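# Structure assessment
Below are the chains, spelled out letter by letter.
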Amino acid sequence: ETGVTQTPRHLVMGMTNKKSLKCEQHLGHNAMYWYKQSAKKPLELMFVYNFKEQTENNSVPSRFSPECPNSSHLFLHLHTLQPEDSALYLCASSQDRGSRDEQFFGPGTRLTVL
Amino acid sequence: LAKTTQPISMDSYEGQEVNITCSHNNIATNDYITWYQQFPSQGPRFIIQGYKTKVTNEVASLFIPADRKSSTLSLPRVSLSDTAVYYCLVGEAGNNRKLIWGLGTSLAVNP
């Protein structure tokens, strides 16, 4: 596998469910990101990890809980979500955390909350 | 925060040159300008990046005026497969850098 992979590609869950999204990068990068993409809204940066340490949490509700066990893997744990959380969740990685560093995106997880 | 403004949509025809302009009036001295392309149901893909003047690669050109308050992505001789959303991204300098994404420009290339 090369690049950035995400699983599952599609997820439907109820508001009381607990689920996790997984992201894996095979690029040897140090920084990983979670984004939320809703229709007619800009990409929203949710969390940033650099060398496994969380460096940014952009006022994301606590029902979203990230985990970065190592530089290659990133998880997003979901709990008691709301219908408005339905969106495309994108994972990305970059060599480091700088504005010059090209981000490589995964294909995303299409999440539907019922 | 350095915000960006782009046209919401553009239409073009195969073989034409397409220019998409992004405004970033509050760009900081250390910021770079990056453009990404996104197809439906896929993550964005890097196209080109620049700081000032002109940058060209095998896919596109990026024109940045001296004041750097705007930038123009130029796609030469577009094809149907260039139909996508194009995002202008401006990096923000400082200890807590925030990458600011625009709303994107939806480009439709017609036969």
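Note that the coordinates shown come from a computational prediction; the quantities given were computed from them, not determined experimentally.

## What to know about the packing of aromatic side chains
The geometry of an aromatic ring pair comes down to the distance between the two centres and the angle between the two planes. The tally for this structure, following the rule as stated, stands at six aromatic pairs over all chains. Note on tyrosine 35 of chain A and phenylalanine 105 of chain A: the rings are 5.4 Å apart at their centroids and 45° apart in plane angle, and the pair reads as tilted. Of this pair, tyrosine 35 of chain A sits in strand 4 (residues 31-37) while phenylalanine 105 of chain A sits in strand 10 (residues 104-105); the two residues are 70 residues apart in sequence, bridging distant segments of the chain. We classify tyrosine 35 of chain A as buried; its relative accessible area is 0%. Under the relative-accessibility criterion, phenylalanine 105 of chain A is labelled buried at 12%. Residue placement shows arginine 68 of chain B over the ring face of tyrosine 51 of chain B; its charged tip is 3.9 Å from the ring centre.

## Re unusual backbone geometry
Residue proline 8 of chain A is bonded to the preceding threonine 7 of chain A through a cis peptide linkage, with omega at -10°. Relative to the elements of secondary structure, proline 8 of chain A occurs in the loop between strand 1 (4-7) and strand 2 (10-13). Phi angles above zero are rare outside glycine, and threonine 80 of chain A is one such case at about 50°. As for its placement among the helices and strands, threonine 80 of chain A is situated in the loop between strand 8 (73-79) and strand 9 (87-94). Non-glycine residue serine 41 of chain B carries a positive phi angle of around 60°. Turning to its location among the elements, serine 41 of chain B is positioned in the loop between strand 3 (33-38) and strand 4 (45-50). You can call serine 41 of chain B exposed: its relative accessible area is 53%.

Rules behind the numbers
- Residues numbered from 1 in each chain as written.
- Chains lettered and ligands numbered in written order.
- Predicted model: local features only at pLDDT ≥ 70, side-chain atom pairs only at ≥ 80, totals over all residues.
- Heavy atoms only, no water.
- Phe/Tyr/Trp six-rings, centres within 6.5 Å; stacked < 30°, edge-to-face > 60°.
- Helix = DSSP H or I, 4+ residues; strand = E, 2+ residues; numbered from the N terminus.
- Buried < 20%, exposed > 50% of the residue type's maximum accessible area, 1.4 Å probe, protein only.
- Lys NZ or Arg CZ within 6 Å of the ring centre and 35° of its normal.

Interpretation note: all reported values are geometric properties and have no functional meaning in isolation.
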